[in-house]
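Examining the three-dimensional arrangement
Here is how the chains run, residue by residue.
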Amino acid sequence: MLQIEIDNGSGFCFGVTTAIQKAEEELAGGKTLYCLGDIVHNGMECERLRSMGLVTINHDDMERLHDVKVLLRAHGEPPETYELARRNNIEIIDATCPVVLQLQRRIKRQYDTNPEAQIVIFGKNGHAEVLGLVGQTQSHAIVVEQFEDVKQLDFSRDIYLYSQTTKSLDEFHRIISYIQSHISPSAVFKSFDTICRQVANRMPNISNFATRHDLILFVCGRKSSNGKVLFNECLRVNPNSHLIEGPGEIDSSWLKGIRTVGICGATSTPKWLMEQCRDYIMENL
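Here the residue numbering is sequential within each chain, running from 1 through the sequence in written order. Under the rules for a predicted model, residues below a pLDDT of 70 receive no local features and side-chain atom pairs below 80 are neither given nor counted, while totals for whole chains, interfaces and linings still include all residues. No hydrogens and no water enter the side-chain calculation; it runs on all heavy atoms of the structure.

A few points about the packing of helix H9 (residues 202–211) against helix H10 (residues 225–237)
Axes here refer to lines fitted to C-alpha atoms; in helices the fit is confined to the stretch in contact. Angles between the N-to-C directions go from 0 to 180 degrees. Under the DSSP-based scheme used, a helix requires at least four consecutive residues in state H or I and a strand at least two consecutive residues in state E, with every element numbered from the N terminus. Here H9 crosses H10 at 40 degrees, and the two axes come no closer than 9 Å. By the criterion of interaxial angle, the relationship of H9 to H10 is oblique. Of the two possible hands of crossing, H9 and H10 adopt the one that is right-handed. Along the contact surface, H9 presents Arg202, Met203, Ile206, Ser207, Ala210 and Thr211, while H10 presents Val229, Leu230, Glu233, Cys234, Arg236 and Val237. In this scheme, roughly parallel covers angles under 35 degrees and roughly antiparallel covers those over 145, while 65 to 115 is roughly perpendicular and the rest are oblique. Here a crossing is taken to be left-handed if its near helix is turned anticlockwise relative to the far helix by less than a right angle, and right-handed if that turn runs clockwise. We call two residues in contact whenever any of their non-hydrogen atoms come within 4.5 Å of each other.

With respect to the packing of aromatic side chains
Ring geometry is summarised as follows: Phe, Tyr and Trp rings, the Trp one being its six-membered ring, pair when their centres sit within 6.5 Å, and such pairs are stacked at plane angles under 30 degrees, edge-to-face over 60 and tilted between the two. Counting across every chain of the model gives 5 aromatic pairs. On the basis of an interplanar angle of 15 degrees and a centroid distance of 6.3 Å, the ring pair of Phe122 and Phe172 is categorised as stacked. You can see Phe122 sitting in strand S6 (residues 118–122) and its partner Phe172 sitting in helix H7 (residues 169–182), a full 50 residues away along the chain. Accessibility assignment for this pair places Phe122 and Phe172 in one class, buried. Measuring from centroid to centroid gives 5.5 Å for Phe147 and Tyr178, while their planes differ by 85 degrees, and the two rings are edge-to-face. Residue Phe147 is located in the loop between strand S7 (142–144) and strand S8 (159–163), and its partner Tyr178 is located in helix H7; the two are separated by 31 residues in the primary sequence. Accessibility assignment for this pair places Phe147 and Tyr178 in one class, buried. Site record: aromatic cluster; members linked through ring pairs are Phe147, Phe155 and Tyr178. Its guanidinium or amino end placed over the ring of Phe147, Arg174 lies 3.7 Å from that ring's centre, counting from NZ or CZ. For each residue, the accessible area found with a 1.4 Å probe, counting protein chains only, is set against the maximum for its type, and the residue is called buried under 20%, exposed over 50%, and partly exposed in between. The criterion for a charge sitting over a ring is simple: Lys NZ or Arg CZ within 6 Å of the ring centre, and within 35 degrees of the ring normal.

Observations concerning the environment of Ile4
Counting through the fold element by element, Ile4 comes out in strand S1 (residues 3–6). Through-space distance from the C-alpha of Ile4 to that of Lys31 is 41 Å; in sequence the pair is 27 residues apart. Ignoring any residue separated from it by four or fewer positions in sequence, one finds Ile4 in contact with Val261, Ile263, Arg278, Ile281 and Met282.

Some details on the sheet that holds S6
Within a beta sheet, neighbouring strands are joined by backbone hydrogen bonds and run either parallel or antiparallel to one another. Criterion used throughout: strands pair if DSSP finds at least two bridges between them. Ordered by their spatial adjacency, 4 strands build an open sheet running S7-S6-S8-S9, and the pairing between neighbours is parallel. Of all the strands in the sheet, just S7 and strand S9 (189–191) have a single pairing partner and so form its edges. With strand direction ignored, the average angle separating the axes of adjacent strands in the sheet is 20 degrees. Running over the sheet, helix H5 (residues 98–113) touches S6 and S8 and is turned about 170 degrees from S8. Along the sheet, H7 makes contact with S6, S7, S8 and S9, crossing S8 at roughly 175 degrees.

Observations regarding the pairing of strand S5 (residues 91–94)
Note that strand S4 (residues 69–72) and S5 share 4 bridges and pair parallel. In the strand pairing of S5, Lys69 is matched with Glu91. Clockwise travel from the first strand over the helix to the second, with the strands pointing away from the viewer, marks a crossover as right-handed. The parallel pair S4 and S5, bridged by helix H4 (residues 79–87), forms a crossover whose chirality is right-handed.

Regarding the packing of helix H2 (residues 43–51) against helix H11 (residues 271–284)
In the contact formed by H2 and H11, the axes pass within 9 Å of each other and the chain directions differ by 115 degrees. For the element pair H2 / H11, the angle class is roughly perpendicular. The handedness of the crossing between H2 and H11 is right-handed. Across the interface between the two elements, Met44, Glu45 and Arg48 from H2 touch Trp272, Leu273 and Gln276 from H11. In the scheme used here, Gly and all other residues not listed as nonpolar or charged are polar, with Ala, Val, Leu, Ile, Met, Phe, Trp, Tyr, Cys and Pro taken as nonpolar and Asp, Glu, Lys and Arg as charged. Taken together, the residues that form the contact of H2 with H11 break down as 3 nonpolar, 1 polar and 2 charged.

Let's talk about H9
If you check which residues of H9 are buried, you get Arg202, Ile206, Ser207, Phe209 and Ala210. Considered in projection along H9, the buried side chains sweep an arc of 165 degrees and stay on one side of the axis. Within this analysis, the arc is defined by the directions that extend from the helix axis to the C-beta atoms.

As structure tokens, then:
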């Protein structure tokens, strides 16, 4: 008989849980609530909240809004967004993750102290969190997406290295080692481990979970940065791993000869969606 296990360690992180709770509390009053960007990188959860009245907007939309409530999601926003809200008399419901908020403040303090130094952020260009971090430096921060990008830094100048909260700890340490071995003796190099442990600690847990099953279904929105990192770890330890956004993407051929299925996901994956995938298998396959 086929056994299906849902990973207890998967599902929303603290920051996402808080943002969704704040949205639900506001929507319970029956008034319109706007959210700047997708509240979470999961299409089905966004759709659930949209059906409750949440309206997703972008920065251009916000320029045209006045006298409304706008929720800022866990990823955080640059200072310009708060200034826009002040100008347009918009009430901000701030759901920025405390870990991200602390990182924003650290980067701003560092930039204000030494604006001539290179503030380097290991992260994904254009990602909402990274835009918020770069915004603390009047857009002077340098974003390093991957190890190879580090070679473009000016090693004769001071470097202060930070990381997007959901990046790989191993790759971050590799970047640190490279800078340490290339930095000029006359320049200062400091690195700050700003990777969220709620995400980093999931790596060994999900690795262990993936090794215990014949088939892994990793449920995740394809926009999720930490989802890509966690799924790649599943794939590394168990090549029979598949990334799906929901039950409709489950292929019955994957289950032939399979005895155990493990269902897991990202920090942006709701538990109810993983449960739907389990129920779909039990009812249809």
